[in-house]
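For reference, the chains in residue letters:
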Amino acid sequence: MKFLFFCFFFLFFLSTQAQKRCEYDVEVNDSIGTLKTTKEFLMHERRFGNNESYVFFSLSNDNGTPVLNFQLVHKNSDFIKAYCIDAKTKLFLQLENGKIITFLHTDVENCGSFMRNDERNVRILSANFLFMKNNYDDLKTSPVVSMRVKYTTETVDYIIKKEMQSELLNQFSRPQNYFMDYLHCVEN
């Protein structure tokens, strides 16, 4: 009997610890509606010479609609090519189980913003992508191994690491488990 109790307690503990705690940057509930947005999470980091690129994700629940917030940041002392998005832009995630999840961008064309910072050029592109309901549950159970973004003029692939020690944030993370850890934060 003690063994069964221990097993039950252990399984309960594992299930409660499997998902990360929800921390929100935005949490609004007013007469217009509700909006919750999780903190940004570094999904991809590439540094080579003076060229740096970063991809951040956050999740939102906008009046019951889950949204993936995507941000691409490039830093370089040389010219930085612009990546643009439009209504035809799609973001694809390949899961470890072989399935491919598609996200749709619904906004108008956007090529991001450009600025100069400490003698370096910085280009930031932000976009919101909608989940498709038929693949929503797969994100909760399988790690993400790669991402493809179909920009307006080209398609770019990003390898998502199982574990990453970020030079930018100086912290350890597991980007492949992002949706398994945080998708519950924007569910109703």
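For the structure itself, consult the block above.
Let me begin by describing the structure that accompanies this report. None of these values were measured; they are calculated from a predicted model.

Brief notes about the nonpolar core
In terms of nonpolar packing, the biggest core is built from 34 residues, with Phe 57, Phe 70, Leu 93, Phe 103, Met 147, Tyr 151 and Phe 179 touching the most fellow members. Leave out the neighbours within four places in its chain, and Phe 103 touches Leu 68, Thr 89, Lys 90, Leu 91, Leu 93, Phe 129, Leu 130, Phe 131, Leu 139 and Phe 179. If you look at the next biggest cluster of nonpolar residues, it comprises 6 residues, including Leu 42, Val 73, Val 122 and Met 164.

Here's the deal with the state of the cysteines
According to the stated counting rule, one finds 2 disulfides in the structure shown. Between the sulfur of Cys 22 and that of Cys 185 lies a disulfide, 2.1 Å long from S to S. Taking the sign of the torsion about the S-S bond as the criterion, the disulfide between Cys 22 and Cys 185, at about -95 degrees, is left-handed. Taken together, the residues Cys 22 in the loop between helix H1 (2-17) and strand E1 (24-29) and Cys 185 in the segment after helix H3 (178-182) connect sequence positions 163 residues apart. Disulfide partner of Cys 84: Cys 111, at an S-S distance of 1.9 Å. Between Cys 84 and Cys 111, the S-S torsion sits near 110 degrees, and that sign places the bridge as right-handed. Within this pair, whereas Cys 84 is found in the loop between strand E5 (65-76) and strand E6 (90-95), its partner Cys 111 is found in the loop between strand E7 (100-105) and strand E8 (113-117), the two being separated by 27 residues in sequence. For Cys 84, a relative accessible area of 14% corresponds to the buried category.

Description of the environment of Arg 120
Mapped onto the elements of the fold, Arg 120 is located in strand E9 (residues 120-130). Among the residues examined, Arg 120 registers a relative accessible area of 23% and is labelled partly exposed. For the pair Arg 120 and Asp 78, spaced 42 residues apart in the sequence, the C-alpha separation amounts to 7.6 Å. Apart from residues no more than four positions distant in its own chain, Arg 120 is found in contact with Asn 50, Glu 52, Lys 75, Asn 76, Ser 77 and Met 115. A polar side-chain atom of Arg 120 sits 3.0 Å from the main-chain carbonyl oxygen of Asn 50. Separated by 3.0 Å, the side chains of Arg 120 and Glu 52 make a polar contact.

Some points on the environment of Asp 107
Here Asp 107 lies in the loop between E7 and E8. Between the C-alpha atoms of Asp 107 and Asp 86, which are 21 residues apart in sequence, the distance is 6.4 Å. Ignoring sequence-local partners within four residues, the contact set of Asp 107 consists of Asp 86, Ala 87 and Asn 128.

Some points on the pattern of salt bridges
Within this structure, the stated rule accounts for 10 salt bridges. Across the pair Asp 137 and Lys 140 runs a salt bridge, and its minimum N-O distance is 3.5 Å. Taken together, the positions of Asp 137 and Lys 140, both in helix H2 (residues 136-141) and 3 residues apart, correspond to about one turn of that helix. Note on Asp 137: relative accessible area 51%, which makes it exposed. Between Glu 187 and Lys 140 there is a salt bridge, and its shortest N-O distance comes to 2.5 Å. With Glu 187 in the segment after H3 and Lys 140 in helix H2, this residue pair connects regions lying 47 residues apart in the sequence.

Overview of the environment of His 184
Along the chain, the position of His 184 falls in the segment after H3. Judged by relative accessible area, which is 23%, His 184 ranks as partly exposed. Along the primary structure His 184 and Lys 20 are separated by 164 residues, whereas in three dimensions their C-alpha atoms are 9.0 Å apart.

Re unusual backbone geometry
Of note in this structure, Asn 63 is not a glycine but carries a positive phi near 55 degrees. Among the secondary structure elements, Asn 63 is positioned in the loop between strand E4 (51-62) and E5. Owing to a relative accessible area of 47%, Asn 63 belongs among the partly exposed residues under this scheme. At Asn 170, a position not held by glycine, the phi torsion is positive, near 55 degrees. Among the structural elements, Asn 170 can be located in the loop between strand E12 (164-165) and strand E13 (172-173).

Cut-offs used in this document
- Residues numbered from 1 in each chain as written.
- Predicted model: local features only at pLDDT ≥ 70, side-chain atom pairs only at ≥ 80, totals over all residues.
- Heavy atoms only, no water.
- Core = buried A, V, L, I, M, F, W, Y, C linked by side-chain atoms within 4.5 Å.
- Buried < 20%, exposed > 50% of the residue type's maximum accessible area, 1.4 Å probe, protein only.
- Contact = heavy atoms within 4.5 Å.
- Disulfide = S-S within 2.5 Å.
- Helix = DSSP H or I, 4+ residues; strand = E, 2+ residues; numbered from the N terminus.
- Polar contact = N/O pair within 3.5 Å; in protein donor to acceptor, adjacent residues only side chain to side chain.
- Salt bridge = Lys/Arg side-chain N within 4 Å of Asp/Glu carboxyl O.

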